[in-house]
2 protein chains.
Amino acid sequence: MDNFAFYAPTYFAFGKDAEAQTGTLVKRFGGTKVLIHYGGGSVVRSGLLGRVKASLEAEGIDYVELGGVKPNPRSGLVYEGIDLCRREGVDFVLAVGGGSTIDSSKAIAAGVVYEGDFWDFYSGKLIEKALPVGTILTIAAAGSEGSPDSVITHENGMYKRGATGDAIRPRFSVLNPALTQTLPPYQTACGITDILAHLYERYLTNTREVEVTDRMIEALMLTMIHEGPRVIENPDNYEARANIMWAGMMAHNNSCGVGRSQDWNSHNVEHELSALYDCAHGAGLAVTMPAVFTYVMHHDVMRFAQVATRVWGCQMDFAHPEVTAKAGIEALRAFLTGLGMPRTLGELGGKEEDIPKLVDVLCNGNGRQGAISGFVTLNETDCAAIYRMML
Amino acid sequence: MDNFAFYAPTYFAFGKDAEAQTGTLVKRFGGTKVLIHYGGGSVVRSGLLGRVKASLEAEGIDYVELGGVKPNPRSGLVYEGIDLCRREGVDFVLAVGGGSTIDSSKAIAAGVVYEGDFWDFYSGKLIEKALPVGTILTIAAAGSEGSPDSVITHENGMYKRGATGDAIRPRFSVLNPALTQTLPPYQTACGITDILAHLYERYLTNTREVEVTDRMIEALMLTMIHEGPRVIENPDNYEARANIMWAGMMAHNNSCGVGRSQDWNSHNVEHELSALYDCAHGAGLAVTMPAVFTYVMHHDVMRFAQVATRVWGCQMDFAHPEVTAKAGIEALRAFLTGLGMPRTLGELGGKEEDIPKLVDVLCNGNGRQGAISGFVTLNETDCAAIYRMML
């Protein structure tokens, strides 16, 4: 196991009506003037935004609002949010929504206290200072509610890139599974896919003998396999929603990723798809993961055989471990398809003739030099082959 | 899943030579005058105490020392530590040792800033304020390095009781698996048993449909089953030590115990054994767990069958689930015996004629009223039967 530091000081208020604690929590973590950041009309229509405001008002906390976050959140709204916060003297950013809203909030929180262009952080600079962030989560997916990460798409070039730093870990996150019961099945399935991807990206490691984190990742995968179909069948299943919500946080707060190298190339390959086609990130991952895994499988067949037997219930073929490894990947694909996720680039709105452009942005965009690194380093030829496997 | 709050803001520095960060970490978390609290001579002989002092000195941090913590730590040394801290103006308590040293440090940290008798906290009062605590862990076992809990034995009556409160969660914990390589096999096995007990105490729940935490607990159990025999066979196996050390922390920081009722009656039943006979807590648990589980098994046979099949690899007997449930308990007993743990009360130094006294202190001591509650409420008759099963 590699040496590591782990520090995850987010306060989680979990359960029914937990959003009623918002005002108390903002106060506890030092907020006096809040930016409420959110996406579209659903948090307004559902009454959630009203309840959040009432909770702030009950504590005498002032606020301003900025809606309009879109899936695959854009740099333009981040710049707008930074200006608003500076103008209004905001000292706390409250995200009400899913991963896109949280990531946009984190970018604003870091940008407000930074003299340069916030995009510096999305070009490799560590975030060391930010306004405190809190979240009211409305979809189990991104894990951003417990992570030090954020992903934003720059509108100038449509680069989708990540930033990180303990300063943007939320001070608190409100996780009420009931808020996710109104999600359409497609969005729920996208969330489940994203959670599985966060687990696979950590599972695919070149570090040897990391049994404890292997087992924890497998545990969360097994949870998704058990609860995913139940929640698609019955969106009102609170218990299944609750299990998925806690699993989604645990999948990405890195308690099961410590001390081991990680992959993240499925995310890298996917990000170009959601940046170019504006497809849902989870849907993009459903197409991307089986292609990437099939392409890199021979780098460590036994690792893929392990997840196939321990998680997907495949019988181990001791004479031909690669058969088992492949069966595990196919089981993943079938599981995702069963949830209603797409299998091909075409279903995402992609076209074969875009592949050279996708490969170029992926491997050379925003400072990269002809390849992406992870479980296996993938150059332009590799990435082109992977995109073709999605056709 | 029940509503819950989860807040685990301990900074973990994990890996080889991590103790070199001690001074930096004490400074980061506001310490200027430190009490170094430790047990016997092993931390002196190994040179660890010297390295810790050097790290503090390098940061210009002043310190005083208090050694002498014994396994099953006593109230007397806590009172002494409280006096010392007040006299010397200590503002940070640093535990160098295992669970006993950490628990004693937490008691001191809470007592220093409390006007009444610190034992109030061990009689049910929540700890809301304490000096900050840091730990340098030397045995994977108690999980106290990441928990808000402490257990102390009062010398007046030999009550062994627990206290809790977020204020005593360590601000940081240094986890260097290499520090555990010099432990005798018996102590290592006691630690593994304690970790398994922390997992079982959370697994035995009356809350329905908590798949995510069930799976996470099982993952950590499977880790112990894999790594336990490896580390007993080769105490220098760093990787096995590392997996056990992280599992031990995860087993008890409650990330896998949230939102579900828990048991803790094996711990309750055992605490009277280590209080009266001064046996190792882990050894006491090895004798206690199979007896308690066999006694309460029929309260939820399917839960015991689940752990038997998912963790112990037992074949499910669908016609007779109780056969599978029992096989799982026997597999646990055989595993612990294989590590060198005892099976009977006699091996702990206990005697049949003590049972009435054990039962009385357990069920009526320190304010209890004839029973202990948990997965199953156990009255005096139940507890007497359980102790007799250990003969």
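Further up the page is the structure itself.
As a starting point, this report considers the structure included with it. Residues take numbers from 1 onward in each chain, read along the sequence in its written order. As they are written, the chains are lettered A onward and the ligands numbered 1 onward, keeping that order. Two thresholds apply to this predicted model, a pLDDT of at least 70 for residue-level local features and 80 or more for giving and counting side-chain atom pairs, whereas whole-chain, interface and lining totals are computed over all residues. Processing note: side-chain calculations cover all non-hydrogen atoms of the structure and skip hydrogens and water entirely.

## Section: the pattern of salt bridges
Alright, step 1. Salt bridges are counted wherever a side-chain nitrogen of Lys or Arg sits within 4 Å of a carboxyl oxygen of Asp or Glu. Enumeration according to the criterion identifies 38 salt bridges over all chains in this entry.
Alright, step 2. Each member of the salt-bridge network shares a partner with another, and the members are E211, R215, E218 and R310 of chain A.

## Quick notes on the sheet that holds strand β3 (residues 33–38) of chain A
Alright, step 1. Here the rule is simple: two strands pair whenever DSSP picks up at least two bridges between them. The helix and strand labels rest on DSSP assignments: H or I over at least four residues marks a helix, E over at least two residues marks a strand, and numbering proceeds from the N terminus. With mixed pairing, 7 strands are arranged side by side in an open sheet as β4(A)-β3(A)-β5(A)-β6(A)-β9(A)-β2(A)-β1(B). Edge positions in the open sheet fall to β4 (62–66) of chain A together with β1 (4–6) of chain B, since each of these has one partner strand only. With direction set aside, neighbouring strand axes in the sheet form an average angle of 15°.
Alright, step 2. In terms of strand pairing, β3 of chain A meets strand β5 (residues 92–97) of chain A through 5 bridges, oriented parallel. Note that in β5 of chain A the partner of V34 of chain A across the bridge is F92 of chain A. Angles here are taken between N-to-C directions and fall from 0 to 180 degrees, while the axes themselves are lines fitted to C-alpha atoms, restricted in helices to the stretch in contact.

## Side note on helix α4 (residues 75–88) of chain A
Residue and element names in this part refer to chain A.
Alright, step 1. Each helix should span, by expectation, one fewer than its residue count multiplied by 1.5 Å. Over its 14 residues, α4 extends 20 Å from the first C-alpha to the last, a length consistent with the 20 Å expected when each residue adds 1.5 Å.
Alright, step 2. Those residues of α4 that sit buried are S75, L77, V78, G81, I82, L84 and C85.
Alright, step 3. Those residues of α4 hidden inside the fold are in contact with β3, β4, α5 (99–112) and β7 (149–154).
Alright, step 4. A positive phi of about 65° marks G89, the residue just after α4. For the exposure calls, accessible area comes from a 1.4 Å probe over protein chains only, and a residue counts as buried if that area is under 20% of its type's maximum, exposed if over 50%, partly exposed in between. By definition, residues are in contact when any of their heavy atoms lie within 4.5 Å.

## So, the sheet that holds strand β9 (residues 172–175) of chain B
One key point about sheets: their strands pair by backbone hydrogen bonds, in either a parallel or an antiparallel sense.
Alright, step 1. Spatial ordering of the open sheet is given by β1(A)-β2(B)-β9(B)-β6(B)-β5(B)-β3(B)-β4(B), a layout of 7 strands whose pairing is mixed. A strand with exactly one partner marks an edge of an open sheet, and here the two such strands are β1 (4–6) of chain A together with β4 (62–66) of chain B. Across the sheet, the mean angle from the axis of one strand to that of its neighbour is 15°, orientation sign disregarded.
Alright, step 2. For strand β2 (residues 11–14) of chain B and β9 of chain B, the ladder comprises 4 bridges, and the chain directions are parallel. Residue pairing for β9 of chain B: F12 of chain B is matched across the bridge by S173 of chain B.
Alright, step 3. Here helix α8 (residues 238–250) of chain B sits on the sheet and contacts β1 of chain A together with β2, β6 (133–137) and β9 of chain B; the angle it forms with β2 of chain B, its principal contact strand, is near 170°.

## A look at the relation of the copies chain B and chain A
Alright, step 1. Copies overlap after least-squares fitting; the atoms used are the C-alpha atoms of residues with pLDDT of at least 70 in both. For the pair chain B and chain A, the relating rotation is 180°, the translation along its axis is 0.0 Å, and the fit reaches an RMSD of 0.0 Å. Such a combination of rotation and displacement between the chain copies is what one expects of a two-fold axis. When each C-alpha of chain B is compared by its distance to the rotation axis, P9 of chain B comes out closest, at 1.9 Å.
Alright, step 2. An overlap of 100% is found between the interface residues of chain B and their copies at the interface of chain A, pointing to a shared contact surface.

These values are about where atoms sit, not about what they do.
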